[in-house]
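Chains, contacts and geometry: an overview
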Amino acid sequence: LRYVGRFPVRESWSLEGSALWYAQRNSDGSKLDRIAPSLRVSYHQRRNITLEAEAGVEYTDAVSLIAEEKTRRSYFSLGYRWDF
């Protein structure tokens, strides 16, 4: 399940939020759960250039017959896009 919402803040600014939820259950009793929210800020300039910053985190819980693993991954990106 994935949700994405985009909110224009001002004429050149926008805010985008995203949330991902994934669940898997297997017949042997193993399971995988993943939750991943993120937030992106965009600034669109005149000459088809967009500056973007995105931050997010991903939580994963995996359980099998022999082990249980919980992980957390954080990320941040900063970039630009030039549409020509």
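Here the structure is shown first, and the text comes after it.
My aim in this report is to walk through the structure given alongside it, one point at a time. (Residues numbered from 1 in each chain as written. Predicted model: local features only at pLDDT ≥ 70, side-chain atom pairs only at ≥ 80, totals over all residues. Heavy atoms only, no water.)

Turning to the overall build of the chain, a few remarks are in order. On a plain count of helices and strands, the chain comes out with zero helices and five strands. Seen in sequence order, the chain has helices and strands lined up from the N terminus as β-β-β-β-β. A compact globule built from 84 residues would reach a C-alpha radius of gyration of about 12 Å, whereas the chain, at 18 Å, exceeds it by more than 25%. The buried share of the chain, taken over its 84 residues, is 23%. For the chain, contacts bridging at least 24 residues in sequence account for 32% of all contacts bridging at least 6. About 6,900 Å² of surface is accessible on the chain, with carbon and sulfur atoms providing 56% of the total. Measuring between centres, the 13 positive side-chain charges of the chain sit 7 Å from its 11 negative side-chain charges. (Helix = DSSP H or I, 4+ residues; strand = E, 2+ residues; numbered from the N terminus. Rg over C-alpha atoms; globule rule 2.2 N^0.38 Å. Buried < 20%, exposed > 50% of the residue type's maximum accessible area, 1.4 Å probe, protein only. Contact = heavy atoms within 4.5 Å. Areas by Shrake-Rupley, 256 points an atom, 1.4 Å probe, with all protein chains shown as cover. Lys, Arg positive; Asp, Glu negative; His and termini not counted. Charge placed at Lys NZ, Arg CZ, Asp CG, Glu CD.)

A few words on the pairing of strand β2 (residues 13-25). Relative to β2, strand β1 (residues 2-8) runs antiparallel, the two sharing seven bridges. The residue bridging Tyr 3 from the neighbouring strand is Ala 19, located in β2. Pairing geometry for β2 and strand β3 (residues 31-44), over 13 bridges, is antiparallel. Bridge pairing in β3 links Leu 20 to Ala 36. (Pairing = 2+ DSSP bridges.)

What follows covers the environment of Thr 71. Here Thr 71 is to be found in strand β5 (residues 68-82). For Thr 71, a relative accessible area of 36% corresponds to the partly exposed category. Taking the C-alpha atoms as reference points, Thr 71 and Tyr 59, 12 residues apart in sequence, are found 5.9 Å from one another. Setting aside anything within four residues of it in sequence, one finds Thr 71 in contact with Glu 58, Tyr 59 and Thr 60.

With that out of the way, let us pick up the side chain of Ser 30. The residue Ser 30 is located in the loop between β2 and β3 in this model. Judged by its relative accessible area of 11%, Ser 30 falls in the buried class. In this structure the side chain of Ser 30 is engaged in a polar contact, spanning 2.9 Å, whose partner is the side chain of Asn 26. Side-chain polar atoms of Ser 30 contact the side chain of Asp 28, separated by 2.7 Å. (Polar contact = N/O pair within 3.5 Å; in protein donor to acceptor, adjacent residues only side chain to side chain.)

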